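The primary structure of each chain is shown beneath.
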Amino acid sequence: MARYTCSYTIALPLDRLRQSLIDVLKTCPVDIIYETGDYLMAREIPGKVSYAKLVTVEVLLDRTTATEKETRMSLVMKNEELPLQVDNHCHQMFDLMNQAIIENRQWQLVETVAGELPTI
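Here we take up the side chain of Lys-78. Its location among the elements puts Lys-78 in strand S5 (residues 71–79). At 2.8 Å, the side chain of Lys-78 and the side chain of Glu-58 are in polar contact. Residues in contact with Lys-78, not counting those within four places in the same chain, are Met-1, Ala-2, Arg-3, Leu-54, Val-55, Thr-56, Glu-58 and Cys-90.

What follows is the structure, encoded as structure tokens:
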């Protein structure tokens, strides 16, 4: 199973970050399949890759440390593909999502901590 993680601190209050994050997810080829106030789950749209390569995205907004100015969030992207190559499909989707988060003009990125090591 390929799994890639990243944590971000974003200069935006929790309620505004949540809606902006939904907008970012919609720009990537994923559908939001579950959401609560501080958690989002999305799945890659089927049709372009095999079922095992379909990527699941989970985002946790850290309500416990959120302030009026900053919110932390954690991103986990995973699929059933064995990460036998460095540039596998899950990693490509992770790069796409990470770039969309970094380049979003609706917020200011304060800190990023990546944990890009795949797990098998």
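Walk down a regular strand and you will see the side chains alternate between the two sheet faces. Pairing geometry for strand S2 (residues 30–35) and strand S3 (residues 39–44), over 5 bridges, is antiparallel. Its bridge partner being in S3, Glu-35 is matched across the sheet by Leu-40. Between the antiparallel neighbours S2 and S3 lie 3 residues.

Attention now goes to the confidence of the model for the chain. Counting all residues, the mean pLDDT for the chain is 89, and 95% of those residues have values of 70 or more. The secondary-structure element of the chain with the lowest mean pLDDT is strand S6 (residues 109–115), recorded at 81, while strand S4 (residues 56–62) shows the highest, at 96.

Here we take up the pattern of salt bridges. Applying the stated rule across the entire model yields 3 salt bridges. The residue Glu-35 makes a salt bridge to Arg-18 at a minimum N-O spacing of 2.4 Å. Here Glu-35 is found in strand S2, whereas its partner Arg-18 is found in helix H1 (residues 14–27), with 17 residues between them in sequence. For Glu-35, a relative accessible area of 36% translates into the label partly exposed. Using a relative accessible area of 22% as the deciding quantity, one classes Arg-18 as partly exposed. We note a salt bridge from Arg-63 to Asp-38, for which the minimum N-O separation is 3.8 Å. With Arg-63 in the loop between S4 and S5 and Asp-38 in the loop between S2 and S3, the pair connects residues that are 25 residues apart, well separated along the chain. The exposure class of Arg-63 is partly exposed, given its relative accessible area of 46%. For Asp-38, a relative accessible area of 24% puts it in the partly exposed group.

Conventions and cut-offs
Residues numbered from 1 in each chain as written. Predicted model: local features only at pLDDT ≥ 70, side-chain atom pairs only at ≥ 80, totals over all residues. Heavy atoms only, no water. Helix = DSSP H or I, 4+ residues; strand = E, 2+ residues; numbered from the N terminus. Polar contact = N/O pair within 3.5 Å; in protein donor to acceptor, adjacent residues only side chain to side chain. Contact = heavy atoms within 4.5 Å. Pairing = 2+ DSSP bridges. pLDDT = per-residue confidence, 0-100. Salt bridge = Lys/Arg side-chain N within 4 Å of Asp/Glu carboxyl O. Buried < 20%, exposed > 50% of the residue type's maximum accessible area, 1.4 Å probe, protein only.

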